[in-house]
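Survey of secondary and tertiary structure
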Amino acid sequence: MHPSPGLELADVTLTYPDGDGRLTALDRVSLAVPPGTLTAVVGPSGSGKSSLLAVAATLTTPDAGRVSIAGLDAVALRPAERARLRRNTIGIVFQQPNLLASLTCVEQLQVMAHLAGGSARKARARALELLDRVGLADRAQHRPHRLSGGQRQRVNIARALMHEPSVLLVDEPTGALDHERGAAIVTLLAELTRTSGAATVLVTHDRGHLPHADRTVELIDGRLRTPAAA
Ligand SMILES: Nc1ncnc2c1ncn2[C@@H]1O[C@H](COP(=O)(O)OP(=O)(O)OP(=O)(O)O)[C@@H](O)[C@H]1O
């Protein structure tokens with residue numbers, strides 16, 4: 001079998017301790033997300049969406065199954081190799097932008113490259129280019145307190161793309177925004193997914209965003225299914 005260049009979960013089961021027994025958060029979940037496509041994940045509260053993102057992010061090791069990131073088997077790697085894989089190939093966008101109050105937009109992005117030890121000049125050029133792509137070219141020198149919620153989320157997304165991740169994992173990025181601003185963020189994510197070639201997984205509660213996805217899957221009690229009508 002050829003390794004998938006995007007993200008692939010195969011028969012992933014994840015359990016948590018629960019009293020005397022175990023709670024099954026993910027039950028033999030299989031999902032393939034090809035490069036340059038966006039898969040939306042919906043499902044009720046407690047159905048396993050965050051657990052799925054944590055496994056895909058290689059932050060949680062499943063009890064069973066395979067997690068392939070850009071063709072590498074993440075479960076089989078040693079912890080240090082897995083951390084390197086995460087740093088180099090995975091971008092994560094959390095619900096809260098978590099921007100640093102004292103840094104300008106361009107610095108929020110540059111700091112990522114600084115941590116990775118790259119050239120400062122190249123990082124600045126890439127940061128400015130990404131801010132332009134998310135529609136914030138004129139805000140590069142602004143600090144977060146001068147930005148709207150939607151603009152902060154755009155910086156958050158641009159920051160996650162700094163190291164050109166193969167896999168982009170996005171957790172409820174529109175939770176704090178009204179529907180219209182949320183829709184603009186999801187449209188942007190779909191566009192950046194196509195132009196960057198990332199394999200993107202978007203967890204969302206808002207079914208109004210689903211038409212922007214290439215595919216929608218639903219988690220029910222830890223089991224994945226493709227809804228007949230999204
Ligand atoms: N660290 C943990 N320890 C024990 N049980 C957990 C842990 N994290 C999650 N769970 C349980 O696993 C199941 C799946 O949780 P998960 O957070 O993945 O769901 P979710 O779909 O993201 O929910 P929500 O939409 O409310 O964020 C739930 O029953 C939850 O209570």
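Scroll up to find the structure.
One structure accompanies this document, and this report is about it. Since this is a predicted model, take the numbers as computed values, not measurements.

As a further point, take the packing of helix H5 (residues 149-160) against helix H6 (residues 179-196). A pair of packed helices is captured by two measures, namely the crossing angle of their axes and the spacing between those axes. Their axes nearest at 10 Å, the elements H5 and H6 cross at an angle of 20°. Relative to H6, H5 is oriented roughly parallel. In the crossing of H5 with H6, the sense of the turn from one axis to the other is right-handed. Of the residues in H6, those touching H5 at Gly 150, Gln 153, Arg 154 and Ile 157 are Arg 181, Ala 184, Ile 185, Leu 188, Leu 189 and Leu 192. Partitioning the contact of H5 with H6 into residue classes produces six nonpolar, two polar and two charged.

Where helix H3 (residues 105-116) meets helix H4 (residues 120-133), the closest approach of the two axes is 9 Å, and the angle between their N-to-C directions is 135°. In this view, H3 runs oblique relative to H4, as classed from their interaxial angle. With respect to the hand of their crossing, H3 and H4 are arranged in right-handed fashion. Between H3 and H4, the contacting residues are Cys 105, Val 106, Leu 109, Gln 110, Ala 113 and His 114 on the first element and Ala 123, Arg 124, Ala 127, Leu 128, Leu 130 and Leu 131 on the second. Counted by class, the contact of H3 with H4 contains nine nonpolar, two polar and one charged residues.

Right, let's get into the sheet that holds strand E1 (residues 7-18). Sheets are built from strands that pair by backbone hydrogen bonding, the pairs being arranged parallel or antiparallel. Strand order across the open sheet formed by four strands is E2-E1-E4-E5, with antiparallel pairing between neighbours. Of all strands in the sheet, those bounded by a partner on one side alone are strand E2 (21-33) and strand E5 (72-73). Bridging between E1 and strand E4 (residues 64-69) involves five bridges; their strand directions are antiparallel. Across the sheet, Ala 10 pairs through a bridge with Arg 66, a residue of E4. Here helix H1 (residues 49-56) sits on the sheet and contacts E1, E2 and E4; the angle it forms with E1, its principal contact strand, is near 120°.

Before going further, it helps to spend a moment on H1. Within H1, seven of the eight residues are buried, leaving the element largely enclosed by the surrounding structure. Of the residues making up H1, those classed as buried are Lys 49, Ser 51, Leu 52, Leu 53, Ala 54, Val 55 and Ala 56.

Turning our eyes to something else, we now look at H3. Within the span of H3, buried status applies to Cys 105, Val 106, Gln 108, Leu 109, Gln 110 and Met 112. Within two residues after H3, Gly 117 carries a phi angle of roughly 80°, on the positive side.

With that out of the way, let us pick up the site of the ligand. As a structural note, the neighbourhood of the ligand is formed by Tyr 16, Leu 23, Ala 25, Gly 43, Ser 45, Gly 46, Ser 47, Gly 48, Lys 49, Ser 50 and Ser 51. At the level of secondary structure, the elements contributing two or more residues to the shell around the ligand comprise E2 and H1. In terms of residues, the shell around the ligand owes the most to one element, H1, which gives three residues. Taken together, the residues of the shell around the ligand break down into three nonpolar, seven polar and one charged.

This brings us to the sheet that holds strand E10 (residues 223-225). The strand order across the open sheet built from six strands is E6-E7-E8-E3-E9-E10, with neighbouring strands paired in mixed fashion. One side of each edge strand has no neighbouring strand; the edge strands of this open sheet are strand E6 (90-93) and E10. For this sheet, the mean angle separating the axes of adjacent strands, direction not counted, is 20°. On the sheet, H5 packs against E6 and strand E7 (167-171) and is oriented at approximately 170° with respect to E6.

Cut-off values and rules
Along each chain, numbering runs from 1 in the same order as the chain's sequence is written. Under the rules for a predicted model, residues below a pLDDT of 70 receive no local features and side-chain atom pairs below 80 are neither given nor counted, while totals for whole chains, interfaces and linings still include all residues. Here an axis means a line fitted to C-alpha atoms, over the contact stretch when the element is a helix, while the angle between two N-to-C directions is reported on a 0 to 180 degree scale. Strands are runs of DSSP state E lasting at least 2 residues, helices are runs of H or I lasting at least 4, and numbering of each runs from the N terminus. Note on angle classes: values under 35 degrees are labelled roughly parallel, values over 145 roughly antiparallel, values of 65 to 115 roughly perpendicular, and the remainder oblique. Should the near helix be turned counterclockwise from the far one by less than a right angle, the crossing is left-handed, whereas a clockwise turn marks it as right-handed. With C-beta atoms placed from the backbone, a contact is any residue pair whose C-beta atoms sit within 7 Å. Throughout, the ten residues Ala, Val, Leu, Ile, Met, Phe, Trp, Tyr, Cys and Pro are labelled nonpolar, Asp, Glu, Lys and Arg are labelled charged, and all others, Gly among them, are labelled polar. Strands were regarded as paired on the criterion that DSSP finds at least two bridges between them. We call a residue exposed when 12 or fewer other C-beta atoms sit within 10 Å of its C-beta, buried when the count reaches 20 or more, and partly exposed for counts in between; the C-beta positions come from the backbone. We call a residue near a molecule or strand when its C-beta atom, built from the backbone, sits within 6 Å of it.

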